[in-house]
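Examination of the molecular architecture
Listed below, chain by chain, are the residues.
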Amino acid sequence: MRKYRVADKYKAIKVIDPYSIAIILALREGSKNITLVNLSATEYAEMTIATTIKKLRELAKYGLVEWKESSIGRGIKEKTYKLTERGMALADALAKVLGINSKQ
């Protein structure tokens, strides 16, 4: 992540960039695993799965995204990501600015 000089109170704005916005908009549609987050986010910006993972961690660090781990098979765990209340408020504001009307 780039080093921006942001007041401590507003550090969360450091995470906002086109990839983060794409992920936030993708999760506005509902909870998804990493593959579906990446696939849905490509509607807004092309990124690698590694970038998606990195951005999800940053968004979680600032309380915009949360995840739940569940078992999907013998010894296989899967994380499902979703927006927090703060993340959903941001997603709705971004969608309004971008002219995206409905949650799909």
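These lines cover the structure that appears in this document, whether it is placed above or below. Remember, it's a predicted structure, so these values are computed and weren't measured experimentally.

By secondary structure assignment, the location of Lys61 is in helix α3 (residues 49-61). Residue classification places Lys61 among the exposed residues on the basis of a relative accessible area of 60%. Sequence separation between Lys61 and Val15 is 46 residues; the distance between their C-alpha atoms is 9.4 Å.

Our focus in this paragraph is the sheet that holds strand β2 (residues 65-73). One open sheet holds the 3 strands; their spatial order is β1-β3-β2, and the pairing between them is antiparallel. For this open sheet the edge positions go to β1 (32-33) and β2, each flanked by a neighbour on one side alone. Where β1 meets strand β3 (residues 76-83), 2 bridges bridge the pair, whose relative direction is antiparallel. Along β3, the bridge assignment pairs Asn33 with Thr80.

Attention shifts here to the pattern of salt bridges. Applying the stated criterion across every chain, the model contains 5 salt bridges. Glu66 serves as the salt-bridge partner of Lys82, at 3.5 Å between the closest nitrogen and oxygen. Of this pair, Lys82 sits in strand β3 while Glu66 sits in strand β2, and the two are 16 residues apart along the sequence. Linked by salt bridges that have partners in common, Asp17, Lys55 and Glu58 make up one network.

How each quantity is defined
Residues numbered from 1 in each chain as written. Predicted model: local features only at pLDDT ≥ 70, side-chain atom pairs only at ≥ 80, totals over all residues. Heavy atoms only, no water. Helix = DSSP H or I, 4+ residues; strand = E, 2+ residues; numbered from the N terminus. Buried < 20%, exposed > 50% of the residue type's maximum accessible area, 1.4 Å probe, protein only. Pairing = 2+ DSSP bridges. Salt bridge = Lys/Arg side-chain N within 4 Å of Asp/Glu carboxyl O.

By themselves, these are just geometric observations and shouldn't be taken as functional.
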